[in-house]
Amino acid sequence: MGESEKQKDPAALKEEGNTLFKAGDMQGAACCYTQALKLSDSPADSAVLHRNRSACYLKLEEYSKAEADASKALDTDSGDVKARFRRAQAYEKLGRLDQAFLDAQRCAQLEPKNRAFQDLLRQLGAQIQLQSAQLNSTDARVQQMFSVLLDSSSKDSDRQKAAQNLVVLSRDEGGAEQIFRNDGVKLIQKLLLSKQEDVVLSALRTLVGLCTGHQSRTMAIVNELGMDQLCAVMGSGASTVSLAACHLLQVMFEALTEGMKREIRGKDEAILPEPSKELRSMLRHLLEMIPAPNVSGPGRDSAINLLVKQVPRKSLKNPDNSLALWVIDQGLKKILQVAGTVAELSEGPPLTENTHMSCSVLLSKLYDDLKSDKERENFHKLCEEYVQEHFRRPGLDGKLRAIQTVSVLLQGPSDVGNITLEMSGMMDAVISLCASEDATHQQVAVEALIHAAGKAKRASFITANGVALLKDLYKKSENDRIRVRALVGLCKLGSAGGTDFSMKQFAEGSTLKLAKQCRKWLCNESLPPASRRWSVEGLAYLTFDADVKEDLVEDKNALLAMFDLAKSEDKTVLFAVGSTLVNCTNSYDVEKPDPQLVELAKYAKQHVPEEHPKDAPTYVEKRLVKLLEAGVVSALVCMVKHESPALTEACREFIARVFLALVERQEDRGTVVAQGGGKALIPLGTENTKIGKVKAAQALAKITITSNPEIAFPGERVYEVVRPLVNLLNLECTLLQNFESLMALTNLAGISERLRQKIIKEKALPKIESYMFEENEMVRAAATECMCNLVLSTEVQKLFVATGNDRLKLLVLYCGEEDERLRKAAAGTLAMLTAEQPEICTRIPGTTTHWLEIFQALLLSEIIDLRHRGVVIVQNMMQAEKGLAETLMESEVLEILSVLAKQREGTPDPAAKVAQNCLDKAMEYGIIRSREDGIEKGKGTEP
């Protein structure tokens, strides 16, 4: 049957799926069954296909899908004992023990003598008894906690202890269920009204335990408590309570949006309504919190942070952006109202240092989530209308609010900010307000001017029209807040040439003077944190200049001050610190121009970028050492820990770039790991820009290659490293990144079977196999080495046992290649496979006519490792089948083994003992016999 005909025949697809299943390719088998289901028009055949696919999903640990497929098979045939058994297994893994027990009981009734059914039934019975005992014990503990909390005569210390114990109980599924069913939510509602901060925090953390991963409980709690109370708690003055309430709402959002996909679901899931009503209610309350004057600054930041996390699509592949459109329609003006608030003016809600940056991030996220020009035009229109409305009002307050809004837009969706900045009279107002005698007016205008200088075209305009003004403010203003902002404006304009040494905006030495003043203010602890943060902004621009980089890393006090700011509560400094460190470490991407194009450009008298002499690798390496000595790793680790909209994906990318630069030298990797760098890199490898993920993954790979992974990533953390590494096995990545990923995965695969299973589950096997065909010798050898460790897993061994592929042939041929490293890897893989799967031995002669020559070459190799692996393969083949042993002994292998078996004096050879074992086996078969002076062939084998 032809390939195209096979694709249209469900029976052929089913058989192909069965073959792949037996070979251990669960993903391929599931795909075949899925295609067959699309073509099948027979309910009975479809039931069998669902049952088979359920078995695949069980192996792939996709238990929800396994349960669904088994149920579909049982809908057609309730007596299908295989389907029922598979559903029982899936139910057990999903934690639904009562349903698993019923299915296992039915299986045992249908086939009483089946030992597998009886074993599962006993196992489930024991688990249910244990769970019941735990529930009874937990119930008593819950009741005790409640009685203490309800008793008004209880001591405060006892009530606090009881509340904390509730938190611990809520983290256990049995405890959470008991709290919920004993009217615990009503009690927690009373605790939320307590004036003791510790009690309120315990109540919030208990609710987190109740809601985590449980959709039905979350919906009930949202409806019982009401969003008004939860928002009131989040909007309270205490920042710790606000953050705890924010975390609770985050958990609630996750439970409502992802609960149906999770394995822990409510028992009433069949009648569970869609949570869209509760979700919209939560979002509406958050939008109302943003401009509310009675909400604290930290509470407002928490509300914005939640919107940043929950509203935009997680993937642009998802076509549904209705939530973002709804938020823009219902709340864009509310967001702009806070964005335009000038804290020093009497009107407006209370803000923190982070609020404006948080608004910028939220606006940027909403704008990026739009799909069409029409949607973006509507966003532009709403922003322009808001800015115009305030700009045209009489008096300065409206203009200040408009300019402040433009500043926030320029830091967020810059396209929108640029459009509003180009409105008639806007730039003139900014320039004129810079000359105002009022410090607040000056501050708002100067900040707008700084953000406006983002584009080269506008930077040139401001250089011509605003530099003199900024210099005047810097020199003459008595207000340090104004002076530092004017300085940053000058820094930004002075760095407009970027890393191009030949493009200088200011006179020689001017940037060094500006940088010196920035460092001076940065180290001045008497200045407010906001002013010191602006000095870091200045350095972020000036460190494009290599002279400035050198001066900064030599100033340890300035570095320590910058790192302290990075660890502080002011999250808005994160981007500036990240940008400064990227510049100092030269971890930005630089495209090397084609030399011929450079010559052509010079001939045509076009500008050719020049690299600063102090950006040479030797200088960069010294700067990295200085940064490590100053404690840059601990600062980066703290930056990653920040839960704030200010930690944008761009900021995460900066941090990943710096980490990659820091682990470039092997001798520095231990320092990075010891200070927590390994732990910090794991989230950077999964939550980042596309480039940031690659940089973080490459840094993880470098650490994994040269460090003990179990020490660098202790406990469960080592399993989290696998996915970022597998993502590097991509054609879009460089060969170096592919190579380092394969090396790191090789190390991980050699640690434990659980790690090997994790690598397999992340679908790395097909990628590793494809790199075994790579033209680059180092990559090809690394992929083969990785496979050598993976074949310790039975699942991988079955792939080589399966017929109809060239996996075994490739290994035999690689044993005969010239590349020593590749030969070692291939021979090692073959040695393990032939030991674990003897049937492979009988298939080796059919792979290539040169197999005997290849193995003889291994045995004759001058390299001890190759010789040893070759003789192990020969031993395994001889033990597998007498016919193979005869074939080997009839060749020159006998003579070679005889020589190898004679241990050389002074040079212990591990191959000698194995060679003697081979000869002993041949004698046992009667193929050869021993003489006093050597070995000779047996009579039965002589010609």
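Residues numbered from 1 in each chain as written. Predicted model: local features only at pLDDT ≥ 70, side-chain atom pairs only at ≥ 80, totals over all residues. Heavy atoms only, no water.

### Here's the deal with the overall build of the protein chain
So, step 1. What the protein chain contains, in helices and strands, is 55 helices and two strands.
So, step 2. Counting every position in the protein chain, which comprises 943 residues, the buried fraction comes to 54%.
So, step 3. For the protein chain, the exposed surface amounts to about 43,900 Å²; the carbon and sulfur share of it is 49%. (Helix = DSSP H or I, 4+ residues; strand = E, 2+ residues; numbered from the N terminus. Buried < 20%, exposed > 50% of the residue type's maximum accessible area, 1.4 Å probe, protein only. Areas by Shrake-Rupley, 256 points an atom, 1.4 Å probe, with all protein chains shown as cover.)

### Things to note about the packing of helix α18 (residues 322-339) against helix α20 (residues 373-391)
So, step 1. It is the contact of α18 with α20, at a shortest axis distance of 10 Å, that shows an interaxial angle of 25 degrees. As summarised for this structure, α18 and α20 are arranged roughly parallel, according to the angle between their axes. The handedness of the crossing between α18 and α20 comes out as right-handed. Where α18 abuts α20, its residues L325, I328, L332, K333, L336 and Q337 lie against E375, N378, F379, L382, C383 and Y386.
So, step 2. By residue class, the composition of the contact of α18 with α20 is eight nonpolar, two polar and two charged. (Axes fitted to C-alpha atoms, helices over the stretch in contact; angles between N-to-C directions. Parallel < 35°, antiparallel > 145°, perpendicular 65-115°, else oblique. Left-handed = near helix turned anticlockwise from the far one by under 90°. Contact = heavy atoms within 4.5 Å. Nonpolar A, V, L, I, M, F, W, Y, C, P; charged D, E, K, R; others polar.)

### Details of the pattern of salt bridges
Note that side chains of opposite charge can pair when their charged atoms are close.
So, step 1. In the structure shown here, the tally under the stated rule is 35 salt bridges.
So, step 2. Close ionic contact of R623 with D615 constitutes a salt bridge, the shortest N to O distance being 3.3 Å.
So, step 3. A relative accessible area of 1% places R623 in the buried class.
So, step 4. In the salt-bridge network here, residues are joined through shared partners; they are K549, E550, D615 and R623. (Salt bridge = Lys/Arg side-chain N within 4 Å of Asp/Glu carboxyl O.)

### Some points on the environment of G209
So, step 1. Structurally, G209 is set in helix α12 (residues 197-211).
So, step 2. A sequence separation of 37 residues divides G209 from D172, and the C-alpha atoms of the two residues are 7.8 Å apart.
So, step 3. Setting aside anything within four residues of it in sequence, one finds G209 in contact with S170, A176 and R217.

### Quick notes on helix α55 (residues 910-925)
So, step 1. The terminal C-alpha atoms of α55, which comprises 16 residues, lie 24 Å apart, in line with the 22 Å expected from a rise of 1.5 Å per residue.
So, step 2. When we look at burial in α55, the residues that qualify are A911, A912, V914, A915, C918, L919 and A922.
So, step 3. Taken from the residues just after α55, G926 is the one with a positive phi, measuring 85 degrees. (Expected span 1.5 Å × (residues − 1).)

### Remarks on the state of the cysteines
So, step 1. One pass over the full model with this rule turns up zero disulfides.
So, step 2. For C56, which is in no disulfide, the shortest distance to another cysteine sulfur is to C32 and amounts to 9.1 Å. (Disulfide = S-S within 2.5 Å.)

### Looking at the confidence of the model for the protein chain
So, step 1. Residues of the protein chain with pLDDT of at least 70 account for 88%, and the chain-wide mean is 83.
So, step 2. In the predicted structure, residues 259-273 sits below a pLDDT of 50 and forms 23 contacts with residues beyond four places in sequence or in another chain.
So, step 3. Predicted confidence is poor over residues 497-505, with pLDDT under 50, and the contacts of this stretch with residues over four places away or in other chains come to 22 contacts. (pLDDT = per-residue confidence, 0-100.)

### Considering the nonpolar core
So, step 1. Counting 183 residues, the largest nonpolar core has F659 and L662 as the members making the most contacts within it.
So, step 2. Tallying contributions element by element places helix α36 (residues 649-662) first for this core, with nine residues.
So, step 3. Counting 78 residues, the second-largest nonpolar core is a separate cluster that includes C246, C383, V416 and A646. (Core = buried A, V, L, I, M, F, W, Y, C linked by side-chain atoms within 4.5 Å.)

### Some remarks on the side chain of R669
So, step 1. You can see R669 is positioned in helix α37 (residues 669-674).
So, step 2. Summary of buried charges: R669 has no salt-bridge partner, and the nearest side chain of opposite charge, E740, is 5.6 Å away.
So, step 3. Beyond its immediate stretch of four places on either side in the chain, R669 contacts V663, E664, K702, I703 and T706. (Lys, Arg positive; Asp, Glu negative; His and termini not counted.)

### Some points on the environment of C815
So, step 1. With respect to the secondary-structure elements, C815 resides in the loop between α48 (807-814) and α49 (820-836).
So, step 2. Those residues in contact with C815 that lie beyond four places of it in its chain are R823, A826, A827, L830, I854 and L858.

### Notes on the side chain of R300
So, step 1. Positionally, R300 belongs in helix α17 (residues 297-310).
So, step 2. The buried charged residue R300 lacks any salt bridge partner; its closest oppositely charged side chain belongs to D301, at an N-O distance of 6.2 Å.

### Some remarks on unusual backbone geometry
So, step 1. A positive phi angle, close to 65 degrees, is found at E61, a residue other than glycine.
So, step 2. With respect to the element layout, E61 can be found in the loop between α4 (43-59) and α5 (63-76).
So, step 3. Owing to a relative accessible area of 37%, E61 belongs among the partly exposed residues under this scheme.
So, step 4. Despite not being glycine, N586 has its phi angle at roughly 55 degrees, a positive value.
So, step 5. Structurally, N586 is set in the loop between α32 (574-585) and α33 (595-603).

### A word on the environment of T829
So, step 1. As for its placement among the helices and strands, T829 is situated in helix α49.
So, step 2. Look at T829 and you get buried, because its relative accessible area is 0%.
So, step 3. Once the C-alpha coordinates of T829 and C815 are considered, the two residues, 14 residues apart in sequence, prove to be 9.9 Å apart.
So, step 4. Setting aside its immediate chain neighbours within four residues, T829 contacts T784, M787, C788, V791 and L811.
So, step 5. Among the polar contacts listed, one links the side chain of T829 to the backbone oxygen of A825, at a separation of 2.7 Å. (Polar contact = N/O pair within 3.5 Å; in protein donor to acceptor, adjacent residues only side chain to side chain.)

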